[in-house]
Amino acid sequence: MAAAASSYSSPPDHRDSSYSGEWEYDVFLCFRGGDTRHGFTSHLMAALCDRKIKAFIDTMLRKTESIDELLSVLQRSALSIVIFSEKFADSPWCLDEVATIVQSMSKFGHRVLPVFYKVRWADVAGDSGRYSAIINGELKASSEDNEKWKDALKAVANYAGHTSSAIPMESELIKAIVEDVQKQLVDMSPSIRSESLVGMGSRVWQVEQLLSMEEADDTRIIGLWGMAGVGKTTLAKACYERVISSTKGIKHHFIRNINQICGAHHGVDGIVRDLYSKVLSESDLSRDDLDMHYRRARLSCSKVFIVLDDVDTLCQLEQLLLGEVFNITKLFAAGSRIIFTTRNKKVLQNARARTYHVACLSDDESVQLFSLRAFRERSPPDNWMDLSCRATSYCNGNPLAIRVLGGTLFDEDRDYWESVLNGLGLIQNPEIGDILRRSYNKLGSDEKRVFLDVACFLNGISRSRLVGYMAALHPSAHATVKDLIDKSLLTCIPSEDEEKIEVHGLLIELAVNIVNDEPKLGKRSRLVDPEDIHKLLTSTEMKSWSAFLVNLFYKGVEMVLPRRKRRKVIGMHRTSNRVLEGDRSTEGINLNLFKAKEMYLEANAFEGMYSLTFLKFWWPDHQRPIKKKIHLPYGGLDSLPDGLRWLEWDRYPSKSLPFSFYPQNLVHLAIRWSPIKKCWEGVDHPKLVSLVVLDLSYCFNLTALPDISCSLQLEELLLRGCKSLVEVPSHVQYLDKLIILNLGGCENLMRLPSKLNSKVIKHVRMRDCPKLKHCPEINSGELLELDLFKTPIRELPTAVNCFKLGGILSLSGKNITNFPTTSAIFQRFKLYGTAVAEMDCYDDYQASSDLLPKFDMLELEGNSLLKSLPKNIWNMVTASLIVRGSPLLESLPEISEPLISLSQLFLTECESLERLPSNINNFVFLDFLNLTSTGIKSLPSSIQELNQLLSIVLSNCKSLESIPSSIHKLPKLQKLQLGGCGRILSLPELPPSLFKLDVGGCKSLQALPSNASELSWSGLVFDNCPQLDKTVPDEIVANYSVCAQLSKHPKPTGFLHYSGSDIPEWFACKSIYDKDASCIMMQLPPANCNGSEQLIKGIAFGMVWRSDALTGRESMKCDCDIDTFTIASWSCFIFPEDALCERYESDLVSLWFDKKTKGRRGRCGEDQWYVKYAGRTVTFRFYASRLSYGGDVEQVEKFKIKRCGLSLLY
């Protein structure tokens, strides 16, 4: 139970039940009369009746009627509210109701909403909870009934519900319950559950809240706003059908495609005539007829519900509503409702309508809608899921695109799917392309230019940065950007610091198609296609030997060649032998280098590009720019266009920018991963007067910055990883608009300005600067982040007291001897490797004092002198406390009162810490407890009350002697790690929720728990346990058939590590000892006739190995190869998280399974490789790899595989 959020996780089939429309009652109330009848339940019943929800309560039964009649009513109800209270389990009647509810859920699509009223989840569903004790003790029932009741209580308690501890005010709790009931009843409605209305339940409910049809004393206009194809019309239609089917005495009309009709028939007169003829029950009404007094009087007495679909302008709306947009009560009777759909938010604003933004579908909803179109089922078959997700990812939640693509792929084979998905271009489909292009065609010229720039170049940029960049090109940039957002062509996404502007993938495709339709490549305004850019910037193809010689020339290598060949090579270099000649009017180039092929540019490659304002050669964030894709001559470029406003070039291959390039217009300059030493050679550096962003990150040879003394608009100065940089010039302190300063990893940086004058600076990052002794004074009231991690500053800056709400502060160094005194509220505070011994500066403050700082996450790492934590520590930390590497810390303060916020407690490498607070049960919502390498001898018995606890890690606690027997009472515990706890002799019974256990290296352990073989393990480690009775472990290994595991627990993977020397007998294929022990060759099974069935349910892997050079970051790998080509790959970490690698002293057997037959890192991206390569011989190759600290993957050399095994599971 997650009481803090007042909700619980529910099984997936609960939401799939469908309301048949034939229920006698909407809601059945199940409650204990003596507890809540005259209080909470009566108030809830009244609230349900107020919302016109037909609810049943047992007072409606005649006194002579029996429990059977009550249960019959329950089965005729759509949904049950079960109010668990203190004495609920005293009543067999209540327990029978719960059991019947569970039966009705599976038989009739019944739904349930549990309410925990002054009881906890553990009281209701826990094996040792209050209800279980009453059923086992006080109720004199059969054992069969007892088990039935307890199972039913657990089933109902595990559904999403509400708890009085999370919403203590009863009025608010009842309000939340009623709203939840309304949502579920809407979602169960037949019209909402139809195949065409995926994901509409919650959306219809939200619109109905805006409509509020029960409010009969006002008249409302509701506007549904969103991009083309997002489902505005579908949502309006669903709301319309629900209203007209449930509301009597209201006149209604639904008009589709108003904008299209207006365009075809030159106005709205026909629509007006049709609409009001329907409302007034008259025929052939003209616009003048509607101005007559008696007809207006009739309209003002008419209660109407009207939907106007696709209204494009306020003028259209005014004409449709006879000029009464702003006084709708004058036109129609009270209780009337008007819904209109539009792509233009400004229409909503001008009409003062209540606005509902129709968002795209979620990933799950997208897959469901796609499956209904492509397979005529609510979920794709297992072996089509990867392709289905790939298809829906392209559509990015747009329902129209999903329906069109799903219909295209319906009843087609896999080859056809692959072909379509590889060449996706839905904009070419008239059903989609025409709708989207109509939105574009209605834009003004400035709006079109800004839209194309954002879609082609600037997707994801911050809103303020976009407006600033566009301002010089378009004076009305601010208004233009807002208008494009209002017209649903741009989307404004709130982020942590500022709003981001994003463009839907289909609109990006539309923009690219628009610019590609421009006839001539050299005259094309914007270029994003790598092939087009290659043609524009490079010469015609050369012979291979000529390319080799030119490449040498580019590197400055002098050549001795015959005169004739020398002239030819030099001619190739100097002559503009381009496909395109003359002035080129391209305005912007955006090249993803990861997708581009190598280019050899001439020195004058950008000659004649006088219109070029945007040039971006970039590597994606997830791809390190390892390979140089663009080559320049030895002398570099002659020049770049002076009109450039955005210059971004990852791995720029020269040591400086062209001397003749004068960047007076440059707003954004980013040269990353470049050998550049100085941006401009010479003494006179150009003045970068317009610069807003300067990013020279990872330019390892950079020794000096360009002159930014006049860059008074500069907001970001990014110099991360500039290892040769020694000094940041003093004039940086005067940049009063600076927001981000990043100097992380500048290993030789020694001198900084004494202060930073910017009042708006938010992020200052100086981590890993080992030669930096001083931090500038920072006086910004906006400071969110100050990172001095691994920077040996001598004194703390006063900036620690200037943090804005939710900031991040990282400090380190032996020069810090006192914990900073601050009263700020931090998102994260990290203190690393300091000489701080105590934090007693806060001991005198009251727990409720405003002077106490607040930390969402407090990390104290490597502070070897730290002896104690303040007694108020639990009032200072709100989410996570991490203390690592403090060997002198002996104890923790007691917990004076229940804490509902702390969720994670990590106390590792604190060897003197021998005990936890006895009242640890006051950590009410603790879910992770890690005590690795501490001196803990035992856990307090109150740990059994931590009902939210998911993980306990006690690795290498060498003094730990036992685990409390009450640990089996923890209802949600999933992981228990005891590796290296050498004194533990035995383990108690484990909770049934546990699926990961590590007892490796427990050398005194004599037996696994008696119920160990009954649990569904996804991770089990028991290596190097010499005293262990092998009976239970042998049974687990023998039964570790992945076929059984696949059906038992929800995890897609699982592992088993133990000491041994052979692969279990149940493996179908094994390698041969001492001959290719790490490889298995096998012939894949033949596919069926159409390859559409799921042939393989999973794969099991096994490996016998030994290594003495492990670090803890290793993974076991298995690649499936055909010849030298890898078609699929799987991996599993050798060590469980937080395990100790040095304990592995003997041969180890590692078994793991994977349900994902596609593999983890298949280089060719095959979804069903075993179908495509059916019947062919493949090699499964086993090895170990290691993730380096730099993020690279390397193969482990001192890792000997003695045997391996593999089984395909059907």
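Residues numbered from 1 in each chain as written. Predicted model: local features only at pLDDT ≥ 70, side-chain atom pairs only at ≥ 80, totals over all residues. Heavy atoms only, no water.

Per an unreviewed UniProt entry, the chain goes by the name TIR domain-containing protein and belongs to Linum trigynum.

Draft legend 1. Representation of the overall build of the chain. Helices and strands together make up the secondary structure of the chain, namely 32 helices and 46 strands. Residues counted as buried form 54% of the 1210 residues belonging to the chain. Sequence-distant contacts in the chain: of pairs separated by 6 or more residues, those separated by 24 or more amount to 61%. When the accessible surface of the chain is split by element, carbon and sulfur atoms take 48% of a total near 52400 Å². (Helix = DSSP H or I, 4+ residues; strand = E, 2+ residues; numbered from the N terminus. Buried < 20%, exposed > 50% of the residue type's maximum accessible area, 1.4 Å probe, protein only. Contact = heavy atoms within 4.5 Å. Areas by Shrake-Rupley, 256 points an atom, 1.4 Å probe, with all protein chains shown as cover.)

Draft legend 2. Region of interest: the packing of helix α17 (residues 363-374) against helix α18 (residues 385-395). Running from N to C, α17 and α18 cross one another at 110°; their axes reach a closest spacing of 9 Å. With respect to their mutual orientation, α17 and α18 come out roughly perpendicular. When α17 is examined against α18, the residues Ser 366, Val 367 and Phe 370 are found in contact with a partner set consisting of Met 385, Ser 388, Cys 389, Ala 391 and Thr 392. Split by residue class, the contact of α17 with α18 holds five nonpolar, three polar and no charged. (Axes fitted to C-alpha atoms, helices over the stretch in contact; angles between N-to-C directions. Parallel < 35°, antiparallel > 145°, perpendicular 65-115°, else oblique. Nonpolar A, V, L, I, M, F, W, Y, C, P; charged D, E, K, R; others polar.)

Draft legend 3. Main features of the sheet that holds strand β1 (residues 25-30). With respect to topology, five strands assemble into an open sheet ordered β2-β1-β3-β4-β5, the strand pairing being parallel. Looking at strand neighbours, the two that pair on one side only are β2 (55-56) and β5 (162-163), the edges of this open sheet. Judged from the two bridges that link them, strand β4 (residues 111-116) and β5 form a sheet pairing that is parallel. Following the sheet pairing, Phe 116 is matched in β5 by Thr 163. (Pairing = 2+ DSSP bridges.)

Draft legend 4. Representation of the nonpolar core. Core analysis: the biggest nonpolar cluster contains 155 residues, and Phe 606 and Leu 978 have the highest contact counts within it. Not counting residues within four places of it along the chain, the set of residues in contact with Leu 978 comprises Leu 954, Ser 955, Leu 960, Ile 963, Ile 984, Leu 987, Asp 998, Val 999 and Cys 1002. (Core = buried A, V, L, I, M, F, W, Y, C linked by side-chain atoms within 4.5 Å.)

Draft legend 5. Up close: the packing of aromatic side chains. Enumeration over the complete set of coordinates arrives at 42 aromatic pairs. Judged by centre distance (4.4 Å) and plane angle (10°), the ring pair of Phe 457 and Phe 614 falls under stacked. Residue Phe 457 is found in helix α22 (residues 445-458), and its partner Phe 614 is found in strand β16 (residues 614-618); the two are separated by 157 residues along the sequence. For the pair formed by Phe 457 and Phe 614, the shared burial category is buried. (Phe/Tyr/Trp six-rings, centres within 6.5 Å; stacked < 30°, edge-to-face > 60°.)

Draft legend 6. Representation of helix α6 (residues 130-137) in the model. Listed in full, the buried residues belonging to α6 are Tyr 131, Ser 132, Ile 134 and Ile 135. End-on, the buried residues of α6 take up no more than an arc of 160°, which puts them together on one face. (Arc of directions from axis to C-beta.)

Draft legend 7. Inspection of the side chain of Thr 341 at higher detail. Here Thr 341 shows up in strand β9 (residues 337-342). In this structure Thr 341 comes out as buried when scored by relative accessible area, which is 1%. There is a polar contact of 2.8 Å between the side chain of Thr 341 and the side chain of Asp 309. Those residues within four positions of Thr 341 in sequence are excluded, and the remaining contacts are Leu 224, Lys 232, Thr 233, Ala 236, Leu 308, Asp 309, Asp 310 and Val 311. (Polar contact = N/O pair within 3.5 Å; in protein donor to acceptor, adjacent residues only side chain to side chain.)

Draft legend 8. Main features of the pattern of salt bridges. All told, the structure shown has 45 salt bridges when counted by the stated rule. A salt bridge links Arg 884 to Glu 861, with the nearest nitrogen and oxygen atoms 3.4 Å apart. Remark: Glu 861 occurs in strand β29 (residues 854-861) and Arg 884 occurs in strand β30 (residues 877-884); sequence separation between them is 23 residues. Salt bridges here are not isolated pairs; linked through shared partners, they connect Lys 346, Lys 482, Asp 483 and Asp 486. (Salt bridge = Lys/Arg side-chain N within 4 Å of Asp/Glu carboxyl O.)

Draft legend 9. Layout of the sheet that holds strand β6 (residues 220-225). In space, the five strands of this open sheet follow the order β7-β8-β9-β6-β10, with parallel pairing throughout. At either margin of the open sheet sits one strand with a lone partner, and together these are β7 (251-255) and β10 (354-357). Direction aside, neighbouring strands of the sheet carry axes that sit 15° apart on average. Summarising the sheet, strand β8 (residues 304-308) and β9 pair through four bridges and their orientation is parallel. Bridge pairing in β9 links Phe 305 to Arg 337. The sheet contacts of helix α10 (residues 232-246) involve β6, β7, β8, β9 and β10, and relative to β7 the element is tilted by about 165°.

Draft legend 10. Unusual backbone geometry, seen in detail. One non-glycine residue, Lys 118, lies in positive phi territory at about 60°. With a relative accessible area of 63%, Lys 118 lands in the exposed category. At Ser 488, a position not held by glycine, the phi torsion is positive, near 65°. According to the relative accessible area criterion, Ser 488 is buried, its value standing at 9%.

Draft legend 11. Seen up close, the environment of Leu 949. Along the chain, the position of Leu 949 falls in the loop between β32 (928-930) and β33 (951-953). Residue Leu 949 is classed as buried on the basis of its relative accessible area, which comes to 0%. It is 5.6 Å that separates the C-alpha atoms of Leu 949 and Leu 973, two residues lying 24 residues apart in sequence. In contact with Leu 949, other than residues within four places in its own chain, are Leu 926, Asp 927, Phe 928, Leu 929, Ile 943, Leu 970, Lys 972 and Leu 973.

Draft legend 12. Just the packing of helix α19 (residues 399-409) against helix α20 (residues 414-422), in detail. In the contact formed by α19 and α20, the axes pass within 10 Å of each other and the chain directions differ by 145°. Across the interface between the two elements, Leu 405, Thr 408 and Leu 409 from α19 touch Tyr 416, Trp 417, Val 420 and Leu 421 from α20. Class assignment of the residues belonging to the contact of α19 with α20 gives a composition of six nonpolar, one polar and no charged.

Draft legend 13. View of the pairing of strand β37 (residues 1053-1059). Of all seven residues in β37, five are buried, a share of seventy percent or more. By the bridge criterion, three bridges tie strand β36 (residues 1019-1021) to β37 in an arrangement that is parallel. If you follow Val 1021 over to β37, its bridge partner there is His 1057. Judged from the seven bridges that link them, β37 and strand β43 (residues 1148-1154) form a sheet pairing that is antiparallel.

Draft legend 14. Region of interest: the environment of Phe 1182. Topologically, Phe 1182 is positioned in strand β44 (residues 1177-1187). By relative accessible area, Phe 1182 is classed as buried at 2%. Residues Phe 1182 and Asp 1119, spaced 63 residues apart in sequence, show a C-alpha to C-alpha distance of 6.7 Å. Other than its neighbours up to four places away in sequence, Phe 1182 contacts Ser 1078, Ile 1080, Phe 1101, Gly 1102, Met 1103, Lys 1117, Cys 1118, Trp 1152, Ile 1201, Cys 1204, Gly 1205 and Leu 1206.

Draft legend 15. Local environment of the side chain of Gln 733. Structurally, the position occupied by Gln 733 is in the loop between β21 (716-718) and β22 (740-742). Excluding anything up to four places from it in sequence, Gln 733 contacts Pro 753, Ser 754, Lys 755, Leu 756, Asn 757 and Ser 758.

Draft legend 16. Quick look at helix α9 (residues 200-211). Across its twelve residues, α9 extends 16 Å between first and last C-alpha, which sits within 8% of the 16 Å expected from 1.5 Å per residue. Two residues or fewer after α9 comes Ser 212, characterised by a positive phi angle close to 45°. (Expected span 1.5 Å × (residues − 1).)

Draft legend 17. Representation of the pairing of strand β18 (residues 646-649) in the model. Of the two faces of β18, the one carrying Trp 646 and Glu 648 and the one carrying Leu 647 and Trp 649 are both buried. Examined bridge by bridge, β16 and β18 share four bridges and lie parallel to one another. Residue pairing across strands places Lys 616 opposite Glu 648, the latter belonging to β18. Taken together, the three bridges between β18 and strand β19 (residues 668-670) define a ladder with parallel strand orientation. The residue bridging Trp 646 from the neighbouring strand is His 668, located in β19.

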